[in-house]
Amino acid sequence: MTTTDSGRPHLHAALLDPSDMHIQRCAQALQSGELVAFPTETVFGLGAAVSQLGAIEGIFKAKGRPSEHPLIAHVAPGADLTGWVAELTATMHKLMNAFWPGPLTLVVPKGERMPFEVTGGQTSVGIRCPSHPVAIKLLKATGVPVAAPSANRFGKVSPTRASHVLAELGDRIPFILDGDVPEVGIESTIVSLLEDQPAILRPGAITAEQIEAVLGVPVKSHSEVSKTPNSNPRVSGALEKHYSPDAKVWVLPAGELAALELQNKTLCVGWTDEFLAQADALREKFGEVLVEALSDKPGEVAKALYATLRQADELACRQVLFEKPGQTPDWEAVNDRLKRASA
């Protein structure tokens, strides 16, 4: 650690491979009130033990995140939730048994042990159990829930590589624990269990239909929830503009590409033959056009989405032209992230 001209400590994050020794070292760092970035199956998170209020405050400072924005508490498989949530209900048990470990966050009444600093002052808390093996080992070794939003500066594109975290927060946090690339690539589905009818507050890899199949009751879709935003608890990733690169993002059907007049370096991202052919034509016409072909499967697009948006900034692109996804439920999470990135 060095010192800045103002006398404040200047951090250089240690990038650690996920050996048992390094996982134990990071668990001890969390227990002693330090921040640790670590991989989950969704994105890399910036973690602080919920028992360390100074570290919780440090998350908000490192990210430049407003303190009223709640954090999600991450727990290990089989962790005792007594005191962290108000009650373990039958509905919670059904969803935990079906989807944990995995990319599903449950919003439930908080317990007396869960600090208001984690919940953004709310009486509810978002809690989940990630499935990434490195995250599981870290959480087990830490022994308490770990609050962890995405490990990026507030409003920017979530990281899916340790290198993304290092580039964005390497001078603000002490430890980055590396690991395999997240399998899901976008943030968890958030479902509220605060009312009689469960409600999707943020779409993700687990759909409302899947949750309905487990619970046997209707689940309010994210589109329904969006019609009454002020009646729902605040949750991560709900801002109108979010997950945004520096480049301007446009989401367009293939038929609208041909009419574009491009003036700056542009990245075209798509998967259908029609879109990619139009993008190639733009490259021949304007020269400064890069074309990225993705899979046509929603899950594969989701996994590649954030790395692709970050690539646009790494290549100094001024624009990203993204193919408009389908409007079926399996594309809902990708559509949600692109809508916020292009706002």
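This text follows the structure it describes.
The text that follows walks through the structure, step by step, so that each part is easy to find. (Residues numbered from 1 in each chain as written. Predicted model: local features only at pLDDT ≥ 70, side-chain atom pairs only at ≥ 80, totals over all residues. Heavy atoms only, no water.)

### Considering the sheet that holds strand β13 (residues 248-252)
- Pairing in this open sheet of four strands is parallel, and the strands run β13-β16-β14-β15 from one edge to the other. Both outer strands of the open sheet, β13 and β15 (289-293), are each paired with one neighbouring strand and no more. For this sheet the average axis-to-axis angle between neighbouring strands, irrespective of direction, equals 20°.
- In this structure, strand β14 (residues 266-270) lies alongside β15, joined through five bridges in parallel fashion. If you follow T266 over to β15, its bridge partner there is V289.
- Sheet strands in contact with helix α9 (residues 273-286) are β13, β14, β15 and β16 (319-323), and its direction is about 160° off that of β15.
- Taken strand by strand, helix α10 (residues 298-314) contacts β13, β14, β15 and β16, and its axis lies near 160° from that of β16. (Pairing = 2+ DSSP bridges. Helix = DSSP H or I, 4+ residues; strand = E, 2+ residues; numbered from the N terminus. Axes fitted to C-alpha atoms, helices over the stretch in contact; angles between N-to-C directions. Contact = heavy atoms within 4.5 Å.)

### A short note on the environment of L81
- With respect to the helices and strands, the residue L81 is situated in the loop between β6 (72-74) and α3 (90-99).
- Note on L81: relative accessible area 3%, which makes it buried.
- C-alpha separation for the pair L81 and A247, spaced 166 residues apart in sequence, amounts to 42 Å.
- Apart from residues no more than four positions distant in its own chain, L81 is found in contact with V75, L88, M96, W100 and I127. (Buried < 20%, exposed > 50% of the residue type's maximum accessible area, 1.4 Å probe, protein only.)

### Considerations on the pattern of salt bridges
- In this structure the tally under the stated criterion is eleven salt bridges.
- We note a salt bridge from E57 to K61, for which the minimum N-O separation is 3.4 Å. Here E57 pairs with K61, and both are found in helix α2 (residues 53-63), just four residues apart, close to one helical turn.
- For E57, a relative accessible area of 45% corresponds to the partly exposed category.
- Under the relative-accessibility criterion, K61 is labelled exposed at 60%.
- Here the salt bridges do not stand alone but share partners, grouping E187, D336, R337 and R340 into one network. (Salt bridge = Lys/Arg side-chain N within 4 Å of Asp/Glu carboxyl O.)

### Re the sheet that holds strand β8 (residues 124-128)
- Ordered by their spatial adjacency, ten strands build an open sheet running β3-β10-β4-β5-β9-β6-β8-β7-β11-β12, and the pairing between neighbours is mixed. Edge strands, defined here as strands with exactly one partner in the open sheet, are β3 (14-16) and β12 (199-202).
- Against the sheet, helix α5 (residues 133-142) contacts β4 (36-39), β6, β9 (146-147) and β10 (175-177), and its axis sits at roughly 135° relative to β4.

### A look at α2
- Every buried residue belonging to α2 is among A55, I56, G58, I59, F60, A62 and K63, and all of these are buried.
- Close packing links the buried residues of α2 with β5 (44-49), α4 (116-119), β9 and α6 (162-169).
- Two residues or fewer after α2 comes G64, characterised by a positive phi angle close to 70°.

### Remarks on the packing of α10 against helix α11 (residues 332-341)
- Here α10 crosses α11 at 25°, and the two axes come no closer than 10 Å. Comparing the axis directions of α10 and α11 gives the class roughly parallel. α11 is crossed by α10, and the crossing has left-handed handedness. Taken together, the residues of α11 that come into contact with α10 (itself represented by P298, V301, A302, L305, Y306 and L309) are V334, R337, L338 and A341.
- Looking at side-chain class alone, the contact of α10 with α11 contains nine nonpolar, no polar and one charged residues. (Parallel < 35°, antiparallel > 145°, perpendicular 65-115°, else oblique. Left-handed = near helix turned anticlockwise from the far one by under 90°. Nonpolar A, V, L, I, M, F, W, Y, C, P; charged D, E, K, R; others polar.)

### Things to note about unusual backbone geometry
- Following W100, the chain continues into P101 via a peptide bond in cis, with omega recorded as -10°.
- Within the secondary structure, P101 is located in the loop between α3 and β7 (104-109).
- Phi is positive for Y243, which is not a glycine, with a value near 55°.
- If you trace the backbone, Y243 turns up in the loop between α8 (222-226) and β13.
- Look at A316: it is not a glycine, yet its phi comes out positive at around 60°.
- Inspection of the secondary structure puts A316 in the loop between α10 and β16.

Function cannot be inferred from these measures alone, as they are strictly geometric.
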